[in-house]
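# An overview of the molecular structure
Okay, here's what each chain looks like letter by letter:
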Amino acid sequence: MLEYVTDADDPRLTDYTRLRDVELRKSLEASRGLFLAEGEKVIRRAIGAGYPIRSVLTTRRWLTALEDVLGDALVYVVSDEVMARIVGFQVHRGALASMERVALPSVESLMKGNARRLLVLEDLVDHSNVGAIFRSAAALGVDGILLSPRCADPLYRRAVKVSMGAVFSIPYARMDNWFDGLSQVREAGFQTLALTPDQAAIPMDAVKLGDRVALLLGAEGDGLSSHWLEEADQAVCIPMSATAMAVGVDSLNVVAAAAIACHGLMRSAELPR
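Residues numbered from 1 in each chain as written. Predicted model: local features only at pLDDT ≥ 70, side-chain atom pairs only at ≥ 80, totals over all residues. Heavy atoms only, no water.

## Digging into the pattern of salt bridges
Threshold: Basic side-chain nitrogens of Lys or Arg form a salt bridge, by our definition, when they fall within 4 Å of a carboxyl oxygen of Asp or Glu. Strands here are runs of E lasting at least two residues and helices are runs of H or I lasting at least four, both read from the DSSP assignment and numbered beginning at the N terminus.
By the definition in use, this model includes 17 salt bridges. Between E23 and K26 there is a salt bridge, with the nearest N and O atoms lying 3.2 Å from each other. Of this pair, E23 and K26 both sit in helix α1 (residues 22-32), 3 residues apart, which is roughly one turn of the helix. Two residues, R54 and E100, come together in a salt bridge whose shortest N-O distance is 3.9 Å. Highlighted residues: R54 in strand β3 (residues 53-59) and E100 in strand β5 (residues 95-100), separated in sequence by 46 residues. Here the salt bridges do not stand alone but share partners, grouping D15, R32, R54 and E100 into one network.

Below you can see the structure in the form of structure tokens.
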């Protein structure tokens with residue numbers, strides 16, 4: 001159903017307003033049970049993953065590109081100028097969709113299935129980093145992701161955009177108990193490996209991987225908490241160049257480290273790709 005809108009302050013468009021106000025958006029999206037998908041490819045992936053459409057906001061020239069997947073969804077059509085005024089920036093991919101959230105699986109159900117390789121993210125608060133890690137994990141075949149209670153929302157617009165919709169293709173669950181969260185993972189039969197920049201730890205490629213392995217990644221800057229480092233079965237590292245370390249380059253950012261570690265996590269020839 002098409003509705004043409006000419007006023008950026010039209011109350012029908014409140015799902016899409018003030019997208020740069022992170023705290024407001026987090027509160028609004030949580031209270032309304034929605035998230036935003038930006039761009040044709042990401043919208044298609046969200047729909048394909050089964051998320052119901054609340055509405056779509058697009059310009060005339062992008063409408064045709066999405067017609068085959070929108071069905072009878074409510075579509076607000078605006079000019080480029082009105083679009084820029086509504087969202088506060090230039091939407092280069094031409095369309096936004098307000099999608100209904102669905103219930104997350106429980107931590108227990110995510111670990112009960114056939115999952116053999118998991119990532120566990122502790123307190124990563126940057127949405128772009130979370131999105132990029134989801135993209136690497138999905139691309140390299142990781143089975144699922146567990147989030148600590150304070151991790152950023154994978155369905156926040158920036159995370160979805162950076163992941164290119166990979167957040168829709170890999171199952172994830174959120175812990176409700178940070179302190180005892182790792183004991184729950186171990187009780188499910190997972191070997192827990194804590195990734196650290198400490199070069200005294202065992203290199204990731206030298207670790208004997210068990211049948212079920214959970215790799216722990218810590219927050220930007222500080223890394224894993226001392227509690228999770230102590231709770232893990234083993235600390236592992238990505239070896240750094242001695243030359244680089246001599247000039248002060250002693251670690252990778254969390255996104256690059258996650259991609260390399262995911263590759264190492266999936267190295268076993270017995271794992272299906």
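That covers the picture; the talk isn't over yet.
## Focus on helix α3 (residues 60-70)
Heads up, the condition is: Residue burial is assigned from relative accessible area. The probe radius is 1.4 Å, only protein chains are included, and a residue is buried under 20% of its type maximum, exposed over 50%, and partly exposed in between. Each direction from the helix axis to a C-beta atom contributes to the arc, which is the arc of those directions. By the convention used here, residues are in contact when the closest approach between their heavy atoms is within 4.5 Å.
Those residues of α3 that fall on the buried side of the exposure criterion are W62, L63, L66 and L70. Relative to the axis of α3, the buried residues are bounded by an arc of 110° and lie together on one face. Exposed side of α3, more than 90 degrees from the buried face: R61, T64 and D68 are the residues found there. Those residues of α3 that are buried are in contact with β1 (2-4), α2 (40-48), β3, β4 (75-78) and β5. A positive backbone phi angle near 55° is found at G71, which sits one or two residues after α3.

## Side note on the layout of surface pockets
Inclusion rule: Think of a 1 Å grid over the protein atoms and nothing else: a 1.4 Å probe that fits but is trapped marks a cavity, an open set flanked by protein within 12 Å on at least five of seven lines marks a pocket, and residues with an atom within 4 Å of a point count as lining. Grid points are joined across faces, edges and corners, and a volume is the space filled by probe spheres set on the points. Note that Gly is not counted as nonpolar here; it falls among the polar residues with everything else outside the nonpolar set of Ala, Val, Leu, Ile, Met, Phe, Trp, Tyr, Cys and Pro and the charged set of Asp, Glu, Lys and Arg.
Within this model, the largest pocket holds a volume of roughly 400 Å³. In the lining of the largest pocket, the residues fall into 12 nonpolar, 7 polar and 3 charged.

## Side note on the pairing of β3
Here is the rule we go by: At least two bridges found by DSSP between two strands is the condition for calling them paired.
In terms of burial, β3 is largely enclosed, as 5 of its 7 residues are buried. Looking at chain direction, β3 and β5 are connected through 5 bridges and run antiparallel. Paired with T58 across the two strands is A95, which belongs to β5. Pairing of β3 with β4, which is carried by 4 bridges, proceeds in the parallel orientation. In the strand pairing of β4, V56 is matched with V75.

## Regarding the pairing of strand β6 (residues 117-121)
Condition: By the criterion used throughout, a crossover qualifies as right-handed when its path from the first strand across the helix to the second strand runs clockwise, the strands pointing away from the viewer.
Of all 5 residues that make up β6, 5 are buried, and the element is covered over most of its length. Of the two faces of β6, the one lined by R117, L119 and L121 and the one lined by L118 and V120 are each fully buried. Relative to strand β11 (residues 213-217), β6 runs parallel, the two being bridged by 5 bridges. The residue bridging L119 from the neighbouring strand is L215, located in β11. Across 4 bridges, the pairing between β6 and strand β7 (residues 144-147) is parallel. In the sheet register, L118 faces β7, and the bridge partner there is G144. A crossover links β6 with its parallel partner β7, the connecting element being helix α6 (residues 127-140), and its sense is right-handed.

## Some points on the nonpolar core
Under the convention used in this document: Here, the term nonpolar core denotes a set of buried Ala, Val, Leu, Ile, Met, Phe, Trp, Tyr and Cys residues that are joined through side-chain atoms within 4.5 Å.
Counting 51 residues, the largest nonpolar core has L119, L121, I145, F168 and L215 as the members making the most contacts within it. The element best represented in this core is helix α11 (residues 254-265), accounting for 6 residues. Leave out the neighbours within four places in its chain, and L215 touches L118, L119, V120, L193, L195, M204, V236, A261 and L265. Among the nonpolar cores identified, the runner-up in size contains 18 residues, and L118, V120, M175 and A194 belong to it.

## Re α11
So the rule is basically this: A helix is expected to span 1.5 Å multiplied by its residue count minus one. N or O atoms closer than or at 3.5 Å make up a polar contact, with two conditions inside protein: a donor-capable atom paired with an acceptor-capable one, and, for residues adjacent in sequence, both atoms drawn from side chains.
Between its first and last C-alpha, α11 extends 16 Å over 12 residues, near the 16 Å set by a 1.5 Å rise per residue. Taken as a whole, α11 has its buried residues at V254, A257, A258, A261, C262, G264 and L265. With its buried residues spanning 155° around the axis, α11 presents them on a single face. Looking at the buried positions of α11, the neighbouring elements they touch are β6, α6, β9 (191-195) and β11. Of the residues flanking the start of α11, the one acting as N-cap is N253, its side-chain oxygen 3.1 Å from the backbone nitrogen of V255.

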